[in-house]
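Chain by chain, the residues:
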Amino acid sequence: MAIDRRKFVLGLGSGGLLLAGSRHLLAADHRMLLPATATPGFDPDIELELVAEPGVAEMLQGQRTSIWRYSGSVLKGNDSSLTWLDGSGYLPVIRVHRGQKLRIHFTNNLPEASIVHWHGLHMPQPMDGHPMYAIDPGSSFVYEFTVDTRAGTYWFHPHPHQRTGFQVYQGLAGLFLVHDDEEDAAHLPPVERELPLVLQDRSFDAQGQLVYLGGMRHDYMMGFSGQRVLVNGVADYQREVARTAHRVRLFNGSNATLYHLRWSDNRPLVVIGTDGGLLEHSISRNTLTLGVGERADVWVDFSDREPGASVSLLAESYSPSLVNFTAQQRGAPLQDDARAVATFTISSGAATPVEAPQMLSRFPALVLEEAVNGNNPRSIRISMGMGSAMLNNRTFGAMDEVADDDRVRLGTTEVWEFANDASMGMGMGGRGGGMGGMMSMAHPMHVHNVQFRVLSRTRNDRADSTQQRLSEGFTDFGLKDVVLVLPGERVRVLMSFQTHTGIYLYHCHILEHEDLGMMRNFLIEA
Ligand code: C2O
Ligand code: CU
Ligand code: CU
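Residues numbered from 1 in each chain as written. Chains lettered and ligands numbered in written order. Predicted model: local features only at pLDDT ≥ 70, side-chain atom pairs only at ≥ 80, totals over all residues. Heavy atoms only, no water.

A. How the structure looks around the environment of Leu91. Within the element layout of this structure, Leu91 appears in the loop between β3 (82–84) and β4 (92–97). Here Leu91 falls in the buried class, since its relative accessible area comes to 3%. Linking Leu91 and Asn232, residues 141 residues apart in sequence, is a C-alpha distance of 7.1 Å. In this structure Leu91 touches Thr83, Trp84, Leu85, Gly171, Ala173, Val198, Gln200, Asn232 and Gly233, once residues within four positions along its chain are discounted. (Helix = DSSP H or I, 4+ residues; strand = E, 2+ residues; numbered from the N terminus. Buried < 20%, exposed > 50% of the residue type's maximum accessible area, 1.4 Å probe, protein only. Contact = heavy atoms within 4.5 Å.)

B. Structural detail: the coordination of the copper ion (ligand 3). The protein atoms donating to the copper ion (ligand 3) are His443 (ND1), Cys508 (SG) and His513 (ND1), with metal-donor distances spanning 2.0 to 2.1 Å. Donor residues for the copper ion (ligand 3), ordered by position in the chain, follow H-x64-C-x4-H. Of this pair, His443 sits in strand β27 (residues 443–447) while Cys508 is found in strand β31 (residues 502–508), placing the two residues 65 residues apart along the sequence. Accessibility assignment for this pair places His443 and Cys508 in one class, buried. (Donors = N, O, S within 2.8 Å, 3.2 Å for Na, K, Ca; no water.)

C. Structural view of unusual backbone geometry. The phi dihedral of Asp236 falls on the positive side, at around 55°, and the residue is not glycine. With respect to the helices, strands and loops of the structure, Asp236 is situated in the loop between β12 (228–231) and β13 (237–241). We note that Leu322 has phi near 65°; this positive angle belongs to a residue other than glycine. Its location among the elements puts Leu322 in the loop between β20 (310–318) and β21 (334–335).

D. Just the coordination of the copper ion (ligand 2), in detail. Listed as protein donors to the copper ion (ligand 2) are His117 (NE2) and His446 (NE2); their distances from the metal cover 1.9 Å. In this pair, His117 sits in strand β6 (residues 116–119) while His446 sits in strand β27, placing the two residues 329 residues apart along the sequence. In this structure, His117 and His446 share a single accessibility class: buried.

E. Quick look at the pairing of strand β15 (residues 258–263). Summarising burial for β15: six of the six residues are buried, a large majority. Both faces of β15 are covered, namely the face carrying Leu258, His260 and Arg262 and the face carrying Tyr259, Leu261 and Trp263. As paired strands, β15 and β20 are joined by six bridges and run antiparallel to one another. Note on β20: the bridge partner recorded for Tyr259 is Ser317. (Pairing = 2+ DSSP bridges.)

F. Representation of the pattern of salt bridges within the structure. One pass over the full model with this rule turns up 36 salt bridges. Arg249 serves as the salt-bridge partner of Glu194, at 2.9 Å between the closest nitrogen and oxygen. Of this pair, Glu194 sits in strand β10 (residues 194–204) while Arg249 is found in strand β14 (residues 245–252), placing the two residues 55 residues apart along the sequence. Considered together, Glu194 and Arg249 belong to a single accessibility category, that of buried residues. Linking Asp265 and Arg305 is a salt bridge whose minimum nitrogen-to-oxygen distance equals 2.9 Å. Residue Asp265 is located in the loop between β15 and β16 (269–274), and its partner Arg305 is located in the loop between β19 (295–301) and β20; the two are separated by 40 residues in the primary sequence. (Salt bridge = Lys/Arg side-chain N within 4 Å of Asp/Glu carboxyl O.)

G. Representation of the sheet that holds strand β5 (residues 101–108) within the structure. Sheet architecture is open: four strands sit in the order β2-β1-β5-β7, paired in mixed fashion. Because the sheet does not close on itself, it has two edges, and the strands there are β2 (65–76) and β7 (140–146). Each adjacent strand pair in this sheet contributes to an overall mean axis angle of 20°, direction not counted. Strand direction decides the pairing type here: strand β1 (residues 46–57) and β2, joined by 11 bridges, are antiparallel. Following the sheet pairing, Val51 is matched in β2 by Ser71. (Axes fitted to C-alpha atoms, helices over the stretch in contact; angles between N-to-C directions.)

H. Structural detail: the pairing of β20. In terms of residue burial, β20 counts as a mostly covered element, since eight of its nine residues are buried. In this sheet, strand β22 (residues 338–346) lies alongside β20 in antiparallel orientation, the contact comprising six bridges. Bridged to Val311 within β22 is Phe344.

Written as structure tokens, this is what we have:
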């Protein structure tokens, strides 16, 4: 089995798209430092071992699927610092309290280079998992950092250049959950009443093995779309729940697919948190739209249902070109136009209703008046076409190259505008246009090392019915690190660079787009 896996990897590499070993072009002195060993004097509260390695999981009932996974153990600290999600049991959950110091010994036992990025956290440059730090098979990297983000649902994943999509697809991803005192004061459901749900789509061959894209550039432009929507690594996810309040941590961990979600009994989705942690007050929606990388914490109280009843989370799946491909997916039956991706059966016992908290948190002040460029946003033009996926007509260049217009100052606040209207007015804005034309797609845009506020969305034409439907479920509130930008839209976000200097990334979080180079370095300078 291991031999097959290796062949598959090499086969993809020879497809011509993905150049192996580009990190070797980097002169060693361009890296700020390469921490291979622990720093004496750094006294961690939690010390973990994390290994990326081949493994096996039961994703489809009764089938053994070869995967890549993170394994590991707690070397110091509470056992609850590193656990495994239910479902197929290989997806890790790191759980910490704000202010804690972490040391993580990461070892790469994959047949190719990798590195771990902590998505949504504030990190010193060398700890951020930039592809320039990717380590070779058999080597290790020591992460040391203090958790200084608000309580919330963050995550981690590989970030090697041009291989992120493949590695995440193979199974490498985990949740990074942060708690803090403010959250404790909000009296949310306890950890035992949390329901983390990681949504990822996968395709399988007749032997139950994962099938990814071939090496064709066009396939990468379109992004991967899978035939099964897995939750926590399994198809047809089911779980028994008590007749009381729960905190659902929804996370779209797919490569390219976006989901439009709702409850099967039409109860509202009560959102208490988004990417960057808790909201001030909960917000109710009939549906939620989650692009790749986006998270939503949802309050749900099952005390209104009888024992034995079940409630499902229903999902419609959309490709980045906004084609609804739910009907082509195998799995639990359709309800109207959506499929059940997770089903909760209500357990017996007395109902214990819980009042949803009024006050959840207070936000750090982040106001437009403080921006250095309030009326003149830094514009990031998104374009697809001619076989390329670009930001401001550029793709990712040398590992440490920073363009003059990709520099910001530490301590300042800026408005950025993601403009996804490049194909407008060119007469070729059709869905999934050909290789020669411009493709109009939804791009989930992500910025490292910051959390932003979504200021506005504008468009120069009318949204079609799909776009309107998806817009109703946007989670444009609270603090965000990914924002979904629909075709024809311009989205302005406000962010403040307060924590670190160094080279960070902004990119489209469709992993195939990121791997095509729809990603840029930016420098936070003192
Ligand atoms: Cu999930 Cu570069 O990030
Ligand atoms: Cu990130
Ligand atoms: Cu994209």
